[in-house]
Amino acid sequence: MIGKSPTNAAVQSMRRMTILAAAAMVCVIPNASAQENDGAIPPGDWQGNYALTRIDPRIRTLAGADLIGMQVIHDRGEATATVSWDARRAICPDPLEAPCEWIGANGTDRARVIGDTLVLALRLSPEEADPAILVMQRRPTGTRKPARLTGFITNARADWDIGFDALKQD
């Protein structure tokens, strides 16, 4: 499916998976991270710093596509991770309009790790009934190159979405 637009059925299936994963996050019990236990637990696959870049043909500059910066603390073998994030210019639903109130939103939250997928609820706005949900997937490239990181952000009502590519900065 790389290089092709997802079908409507595929998008709906991904959204259903996202909603289920986000609901599962509510039951997560926090645990000590590798940083808190002096490195006794080795870091997991998601540990690191990431730059998320919005995929939108209307955006013409790399600075304009700067979506989210995040740091992930993940212990090997754990089904959760701690994510510190901050929303940037490309977070606004329409990148051609004036900057929106979501720019500068930030937080430290628990994410669910499901295989090669990281799922995180973002508190972008004060409307708690409709959180944004970030889904980032690690997709093998079939070569010796690192896996491609890609994903989307949508809201719980699924009436908007933003596609992105991610780059691990470590």
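Scroll up to find the structure this text is about.
Calculation rules
Residues numbered from 1 in each chain as written. Predicted model: local features only at pLDDT ≥ 70, side-chain atom pairs only at ≥ 80, totals over all residues. Heavy atoms only, no water. Disulfide = S-S within 2.5 Å. Pairing = 2+ DSSP bridges. Helix = DSSP H or I, 4+ residues; strand = E, 2+ residues; numbered from the N terminus. Axes fitted to C-alpha atoms, helices over the stretch in contact; angles between N-to-C directions. Buried < 20%, exposed > 50% of the residue type's maximum accessible area, 1.4 Å probe, protein only. Phe/Tyr/Trp six-rings, centres within 6.5 Å; stacked < 30°, edge-to-face > 60°. Lys NZ or Arg CZ within 6 Å of the ring centre and 35° of its normal.

Novice: Which parts of the structure should I look at to understand the state of the cysteines?
Specialist: Simply put, disulfide is the name for a covalent bond between the sulfur atoms of two cysteines. Scanning the entire structure with this criterion turns up 1 disulfide. Through a disulfide, cysteine 92 is tied to cysteine 100; the S-S separation comes to 2.3 Å. Disulfide cysteine 92 to cysteine 100: torsion about the S-S bond roughly -95 degrees, handedness left-handed.

Novice: Would you explain the sheet that holds strand 2 (residues 66–73) in this entry?
Specialist: Two pairing modes exist for strands in a sheet, parallel and antiparallel, and in both the strands are linked by backbone hydrogen bonds. Taking strand neighbours around the barrel as the criterion, the 8 strands line up as 1-2-3-4-5-6-7-8 in a closed arrangement whose pairing is antiparallel. Taken pair by pair, the neighbouring strands of this sheet meet at an average axis angle of 30 degrees, ignoring direction. Inspection of the sheet shows strand 6 (residues 132–139) paired to strand 7 (residues 148–155) by 8 bridges, in the antiparallel sense. Across the sheet, arginine 139 pairs through a bridge with arginine 148, a residue of strand 7.

Novice: For this particular structure, what's the right way to read the pairing of strand 1 (residues 48–54)?
Specialist: The side chains of a regular strand alternate, first on one face of the sheet and then on the other. Across the 7 residues of strand 1, 5 count as buried, placing the element largely inside the fold. Two elements, strand 1 and strand 2, share 6 bridges in a ladder whose sense is antiparallel. Residue threonine 53 lies in a different strand from strand 2, and its bridge partner there is aspartate 66. Sheet topology note: the strand 1/strand 8 (residues 161–168) ladder contains 5 bridges and is antiparallel. For arginine 54, the partnering residue across the bridge sits in strand 8 and is phenylalanine 164.

Novice: I'm lost on the packing of aromatic side chains in this one. Help?
Specialist: Working definition: an aromatic ring pair is given by the centre-to-centre distance plus the angle between the planes. By the definition in use, this model includes 2 aromatic pairs. Judged by centre distance (6.4 Å) and plane angle (45 degrees), the ring pair of tryptophan 46 and tyrosine 50 falls under tilted. Accessibility expressed as a relative area gives 0% for tryptophan 46, which makes it buried. We classify tyrosine 50 as buried; its relative accessible area is 2%. Relative to tryptophan 160, the ring of tryptophan 102 lies with its centre 5.4 Å away and its plane at 40 degrees, an arrangement referred to as tilted. You can see tryptophan 102 sitting in the loop between strand 3 (80–87) and strand 4 (106–114) and its partner tryptophan 160 sitting in the loop between strand 7 and strand 8, a full 58 residues away along the chain. Each member of the pair, tryptophan 102 as well as tryptophan 160, is classed as buried. Just above the ring of tryptophan 46 sits the side chain of arginine 138; from NZ or CZ to the centre is 4.0 Å.

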